[in-house]
Every structure is written in C-alpha cells, then in structure tokens.
Amino acid sequence: MNIRNLFLLAAISLILVSCGTQGKEIPYMQNIDQLPAGALGTATTLAGDFTIKSGDMLQINVASSNSDAVKPFNKIQYIPTLGGGGGAYTALGDLSTVFYLVDDHGNIDFPVLGKLHIGGMTKHAVEEYVASLIYPRYLTEKPDVECRIQNFRVYCIGDFNHPGVVQAENGRLNLIEAIALSGDLTLQGQRENIMLVRTDPNGQRFVRRIDLTDANFLSMPEFELQQNDILYVEPNKYKKRSVWSMPPVYTTAVSMLGTAISLVTFITVLARK
C-alpha cells in the first residue's frame, strides 16, 4: 500500500470517527447509584398537582352521600349506584356545558357560587376552596370535590423519534412519561441539554435546562410537567456537522472559480496544438 492510499484511508477513518455518536452521551441517569439515600423522596412537587392557567378546561365534580343535595353544584349529574357503593357521573350536555373554561382573568362561572377566581391555584387548592364555599353554608356535611383538567397536553419537538403533541388522559404527566410517549430521543438527540419552556399563570415564559444523563433531574420541580409545556431536544454536534452546507455566496464563488479554471485549461490546450 503506497503513501497516497494510506493518507486516503486515514482521512476516511477520521471523518467516520468525527461523525459518530459517542456511547457515553446516550445512557440516561448515569449517576443514579450515587444519589444519597432518600434523595428522591425529598422532592417538593406533588405528582399531578398542576397549576390552573387561563385556557384550561376543567371538570369539577362535587359528591356527597346526599346526591340530591349536591346536584345544584354540578354541571353533570351524579347517579348513585345500587348498594351504596359509590356512584357515577353522567354528562347532561356538550363540552361547553359540562366543563369549566378558565377565562383570560383566571375565572370560572360555578353553579350557585357564581364567579370564582382560581387562576394560579393548584388542583388541590381548588378542591379545598370549592368545598369551603359549599360547606357549611349550603350543606350539613363537607362534600368531596374532584378537579380534573381535560386539555392537559405537552409539545415535544426536535430530536424525538415521534415528535408531536402528547395528551395526558389522566391530567398528569412527568418528563419520563412524555419522552416515552414520544418514542424516546433519537441517538443524535442531545441528552445533556433538554430545553423546557413553561408559561406561568401570569403568562410569563421561562426556560429550564435538563440533563437526562444526571439522575438529579428526577428530584427537580420540573420533573412533573405542567399543561402546555414545550420540550425541545437539540441535535448533538455530530448531527449538526453532518448537515452542514456551504453558504450560497461561497457556492457561487466556487462555481465561478471552477468555470474559470476550466476555461483557462481549455485555452492552454488549444495553444499547445
């Protein structure tokens, strides 16, 4: 093998190595065995305790042992089952009459109670708030209030295998669940710098960076996602390098230079004849 072939082989090998993804950048939670005992149990967020925002579509059910007494406080009718083993709710209209739409000011119109400002409250706070307005003023026993969000969705864009909108059927979603429902990250997705864009109840947006290779993200407040969160996975440096293209101005210059060289070569050949 001559020197020219050796140089060619070395150049090809260098290109292949530089365009490949290093295995150490792929695994999640690489230091999970190093986390202190009980670290995950000290997370301050409550799973599923989302914060109410404008545009949320809520289902708020009020239940009690006396189903007739709570009927005026429900947009859907509560029908007790035989034997006293709980009950079921039956919708009495279309979505606009069954669910509560939180307006731009964070308010909803609640039967009997009137306009309630719940924007910025958590799910559990809303449940306690509604119950406190009903008991003891209207009922002799404290009712059970359940609040669910019907339009909880997260937007996953970038280097997911299946980017798109992830709908949470049960009104809650964490980071790992959203990643799994999006088909995981591609091998070229940058795991050390996931971008989370969130809008707070006041309409202000902020950004958090999450490193999936560091297991400490499991105890971050952002691990539990909020409705309308945006997750963006940036391509890693190897993928960016593979899609690099020469700017148009340089492409034009190279093309013109090639034409000029061809013309000079042609004239030189003619002059030698």
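Residues numbered from 1 in each chain as written. Predicted model: local features only at pLDDT ≥ 70, side-chain atom pairs only at ≥ 80, totals over all residues. Heavy atoms only, no water.

**A short note on the packing of aromatic side chains**
And step 1. Applying the stated rule across the entire model yields four aromatic pairs.
And step 2. A centroid spacing of 6.1 Å and a plane angle of 50° characterise the contact between Phe217 and Phe223, whose relative ring orientation is tilted. Phe223 shares its class with Phe217; the two are buried.
And step 3. Positioned over the ring face of Tyr100 is Lys75, at 4.5 Å from the centre of the ring. (Phe/Tyr/Trp six-rings, centres within 6.5 Å; stacked < 30°, edge-to-face > 60°. Buried < 20%, exposed > 50% of the residue type's maximum accessible area, 1.4 Å probe, protein only. Lys NZ or Arg CZ within 6 Å of the ring centre and 35° of its normal.)

**Points about the sheet that holds strand S4 (residues 100-101)**
And step 1. In space, the three strands of this open sheet follow the order S4-S1-S7, with antiparallel pairing throughout. Bordering the open sheet on either side are S4 and strand S7 (144-149), each of which pairs with just one other strand.
And step 2. Sheet topology note: the strand S1 (residues 57-63)/S7 ladder contains six bridges and is antiparallel. Bridge pairing links Asn61 to Glu146 in S7.
And step 3. Across the sheet, helix H4 (residues 123-134) is in contact with S1 and S7; its angle to S7 comes to roughly 140°. (Pairing = 2+ DSSP bridges. Helix = DSSP H or I, 4+ residues; strand = E, 2+ residues; numbered from the N terminus. Contact = heavy atoms within 4.5 Å. Axes fitted to C-alpha atoms, helices over the stretch in contact; angles between N-to-C directions.)

**What to know about the layout of surface pockets**
And step 1. The computed volume of the largest pocket comes to approximately 220 Å³.
And step 2. For the largest pocket, the lining is made up of 14 residues, of which Arg148, Ile149, Glu169, Asn170 and Gly171 are closest to its centre.
And step 3. Of the residues forming the lining of the largest pocket, the biggest block, three residues, is contributed by S7.
And step 4. Looking at side-chain class alone, the lining of the largest pocket contains four nonpolar, six polar and four charged residues.
And step 5. Taken together, Asp49, Thr51, Lys53, Thr122, Arg198, Thr199, Asp200, Pro201, Phe206 and Gln226 make up the full set of residues lining the second largest pocket. (1 Å grid on protein atoms, 1.4 Å probe; cavity = no way out; pocket = protein on both sides within 12 Å on 5 of 7 lines; lining within 4 Å. Points joined across faces, edges and corners; volume = space filled by probe spheres on them. Nonpolar A, V, L, I, M, F, W, Y, C, P; charged D, E, K, R; others polar.)

**Considering H4**
And step 1. Between its first and last C-alpha, H4 extends 17 Å over 12 residues, near the 16 Å set by a 1.5 Å rise per residue.
And step 2. Buried within H4 are the following residues: Lys123, Val126, Glu127, Val130, Ala131 and Ile134. The arc that holds every buried residue of H4, seen down its axis, measures 130°, which confines them to one face.
And step 3. Buried-residue contacts for H4 involve S1, strand S5 (107-110), strand S6 (114-117) and S7. (Expected span 1.5 Å × (residues − 1). Arc of directions from axis to C-beta.)

**A short note on the sheet that holds strand S12 (residues 230-233)**
And step 1. The mixed open sheet is built from five strands, whose spatial order is S9-S8-S12-S10-S11. This sheet does not close on itself; its edge strands, each paired only once, are strand S9 (164-167) and strand S11 (205-210). Strand-to-strand twist across the sheet, computed as the mean angle between neighbouring axes with direction ignored, equals 20°.
And step 2. In the sheet, strand S10 (residues 194-199) pairs with S12 via three bridges, with the strands oriented antiparallel. Across the sheet, residue Val197 finds its bridge partner in S12, namely Ile230.

**A look at the side chain of Thr51**
And step 1. Along the chain, the position of Thr51 falls in the loop between helix H1 (3-19) and S1.
And step 2. Taking relative accessible area as the criterion, Thr51 reaches 18% and is therefore assigned buried.
And step 3. What Thr51 contacts, discounting residues up to four positions off in sequence, is Asp56, Gly120, Met121, Thr122, Pro201, Gln226 and Gln227.

**Concerning a nonpolar patch on the surface**
And step 1. There is a patch of nonpolar side chains on the surface, built from Tyr155, Ile157, Val165 and Ile230 and spanning about 310 Å² of accessible area.
And step 2. Within the secondary structure, Val165 sits in strand S9.
And step 3. Assessed through its relative accessible area of 51%, Val165 is described here as exposed. (Patch = residues over 30% accessible without salt bridge, like charges linked within 9 Å, V, L, I, M, F, W, Y side chains within 5 Å. Areas by Shrake-Rupley, 256 points an atom, 1.4 Å probe, with all protein chains shown as cover. Salt bridge = Lys/Arg side-chain N within 4 Å of Asp/Glu carboxyl O.)

**Quick word on the nonpolar core**
Where a protein is soluble and globular, its nonpolar side chains tend to be buried together.
And step 1. Leu58, Ile60, Phe110, Val130 and Leu231 are the most contacted members of the largest nonpolar core, which has 43 residues in total.
And step 2. Beyond its immediate stretch of four places on either side in the chain, Leu231 contacts Val154, Tyr155, Cys156, Ile157, Phe160, Leu175, Ala178, Ile194, Met195, Leu196 and Leu225. (Core = buried A, V, L, I, M, F, W, Y, C linked by side-chain atoms within 4.5 Å.)

**Quick word on the pattern of salt bridges**
And step 1. Going through the model one piece at a time under the given rule, you end up with six salt bridges.
And step 2. Between Glu128 and Lys142 there is a salt bridge, with its nearest N and O atoms 3.3 Å apart. Taken as a pair, Glu128 in helix H4 and Lys142 in the loop between H4 and S7 lie far apart in primary sequence, 14 residues in all.
And step 3. Here Lys142 falls in the partly exposed class, since its relative accessible area comes to 46%.
And step 4. Residues Arg208 and Glu222 are paired through a salt bridge, measuring 3.4 Å at the closest nitrogen-oxygen approach. Linking Arg208 in strand S11 with Glu222 in the loop between S11 and S12, this pair joins segments that are 14 residues apart in sequence.
And step 5. When its relative accessible area of 11% is taken as the criterion, Glu222 is described as buried.

**As for the confidence of the model for the chain**
And step 1. Looking at the chain, pLDDT values average 80 and 68% of them are 70 or higher.
And step 2. Per-element confidence in the chain ranges from a low mean pLDDT of 49 for strand S3 (residues 87-91) to a high of 97 for S12.
And step 3. Of the regions scoring below 50 in pLDDT, residues 78-82 engages in 15 contacts with residues more than four places distant in sequence or in other chains.
And step 4. Below a pLDDT of 50 lies the segment residues 89-94, which in the model reaches 17 contacts outside its immediate sequence neighbourhood of four places, other chains included. (pLDDT = per-residue confidence, 0-100.)

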